[in-house]
Amino acid sequence: MLHEPTIAPGTDRPTRLTVDLSAIAHNFAILNAAASPARVMPILKANAYGHGLVAVGRRLEAIGAEILGVAYLEEGLALRQAGIRLPILVTGGLLDDQIPLFLQNHLQLCASSVDKVRAIEASAAATGLLARVHLKVDTGMGRIGVWWEHAAPLFDAAYAAEHLVVEGVFSHFATADEADPGYAALQVERFHHALRWWVDRGRLPPVRHLANSGGLLQVPASHLDLVRPGILGFGVYPSDDVPRSLALRPALRWTTRVSYFKVVRPGCRVGYGATWVSDRHERVVTLPVGYGDGYLRAMSGKAQVLIRGRRYPVIGRIAMDQVMVSVGADEAYNGDEAVLVGTGGAERIEVEDLARWAGTIPHEVLTAINTRVPRVHLGG
Ligand SMILES: *Cc1c(COP(=O)(O)O)cnc(C)c1O
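Now for a description of the structure that goes with this document. Keep in mind it's a predicted model, so treat the numbers as computed, not measured. (Residues numbered from 1 in each chain as written. Predicted model: local features only at pLDDT ≥ 70, side-chain atom pairs only at ≥ 80, totals over all residues. Heavy atoms only, no water.)

Some points on the site of the ligand
Right, on to step 1. Taken together, 13 residues form the shell around the ligand, and within it Lys45, Tyr49, Ser213, Arg228 and Gly230 come nearest.
Right, on to step 2. Between the ligand and the protein, one listed contact pairs an oxygen atom with a side-chain N or O atom of tyrosine 49 at 2.5 Å.
Right, on to step 3. Contact between the ligand and arginine 228: a nitrogen atom at 2.8 Å from a side-chain N or O atom of the residue.
Right, on to step 4. Of the residues belonging to the shell around the ligand, the class tally is 4 nonpolar, 6 polar and 3 charged. (Near = heavy atom within 4 Å. Polar contact = N/O pair within 3.5 Å; in protein donor to acceptor, adjacent residues only side chain to side chain. Nonpolar A, V, L, I, M, F, W, Y, C, P; charged D, E, K, R; others polar.)

Written out as structure tokens, the structure is:
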């Protein structure tokens, strides 16, 4: 997942992702304006949602991001190994034996229980390093973090620990990208309940953060001091329920090239399971891409591609390495570009379309595109 292959010299894999880093820079500016006065911590987990962790991280550092967020220790280490010096928060749960690596690499930790605070403090005291932590409150997601009404012991423990610096306090939404705002509003309320710990003591709270992309778009009360957009930074909306209210630019273009052309007769079957049957003479092309690249098999029977600026159906089942496309009576030639995501002529296919075809969310479409597909970065 952290491996970011470029196209090997002498090979020219026809299937590739082209990532426009200037679109990511543009989106960062748009998100900053939308969240202001709150700051933005771009979330770059899962290989920056498939866009290439290091290339995206470097670009964001160059344009003035103040902090980056990832989910796993390994992702933070990959950014550090690439020479990125920004503060980095690892938002996910951590194991005690990982703590020394966090500290040695100046990665900010998610402190999600009193036990974790104790383990972090012990490790920091033993190494003489300072641990910068964000305290995690569970306001209704039901994963890591202490319950909002029982957060005080965590806060007490963190402030009592001598080798800890409390940088932030945060929670995470379960439904902020859905149409019904009720549960997200309840989570905001619960978060404020936990934040009373600082109010009651007349203390200034650390950096408070709650909003993911859905919260940034739909729950202004959740912006607080910092927002954590992931998918929006890549110009993709988290669901069909949110308003497409920002002037974002999709950063990713996924293309391949026609590798075979044939004419099928009426009654001819195409693909595994022989599920698709032709009812006329028509032209069928093969593309060298499949579910083994992350072109999800669940899109079989629904997916479309663009060839020569026109939209055509993927027919039959999507296989591991190849898909077939009917171009009807139109012309297509070996070597023609086929657009899986992006613009072709006046037509456009969005990541959100693939999510709809696969019956999943855009996050999964992006992170399913695997390392077999080379990334080419533009505008870097
Ligand atoms: C993934 C994640 C985000 C970003 O979510 P998006 O829906 O992509 O904006 C923010 N915060 C945390 C803790 C996450 O795990």
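From this point, the narrative continues.
What to know about the nonpolar core
Right, on to step 1. Ranked by size, the top nonpolar core spans 118 residues in total, and within it Leu135, Phe155, Trp254, Leu287, Tyr295 and Ile307 carry the most contacts.
Right, on to step 2. Among the elements that make up this core, the one with the highest residue count is helix 8 (residues 182-200) (7 residues).
Right, on to step 3. Split by domain, the residues of this core number at least three in each of domain 1 (21-234) and domain 2 (252-349).
Right, on to step 4. Excluding residues within four positions of it along the chain, isoleucine 307 makes contact with Val258, Val285, Tyr312, Val325, Val327, Ala332, Asp336, Glu337 and Ala338.
Right, on to step 5. Counting residues in each nonpolar core, the second largest holds 5 residues, with Val264, Val270, Ile315 and Met324 among its members. (Core = buried A, V, L, I, M, F, W, Y, C linked by side-chain atoms within 4.5 Å. Buried < 20%, exposed > 50% of the residue type's maximum accessible area, 1.4 Å probe, protein only. Helix = DSSP H or I, 4+ residues; strand = E, 2+ residues; numbered from the N terminus. Domains from an automatic or database assignment. Contact = heavy atoms within 4.5 Å.)

So, the packing of helix 1 (residues 21-35) against helix 3 (residues 53-62)
Right, on to step 1. The interhelical angle for the contact between helix 1 and helix 3, taken along N-to-C directions, is 50 degrees, at an axis separation of 10 Å. Regarding the angle of helix 1 to helix 3, the classification is oblique. The element helix 1 and its partner helix 3 pack so that their crossing is right-handed. Taking contact as the criterion, the partners of Leu21, Ser22, Ile24, Ala25 and Phe28 in helix 1 are, on helix 3, Ala55, Val56, Arg59 and Leu60.
Right, on to step 2. Residues that form the contact of helix 1 with helix 3 fall into these classes: 7 nonpolar, 1 polar and 1 charged. (Axes fitted to C-alpha atoms, helices over the stretch in contact; angles between N-to-C directions. Parallel < 35°, antiparallel > 145°, perpendicular 65-115°, else oblique. Left-handed = near helix turned anticlockwise from the far one by under 90°.)

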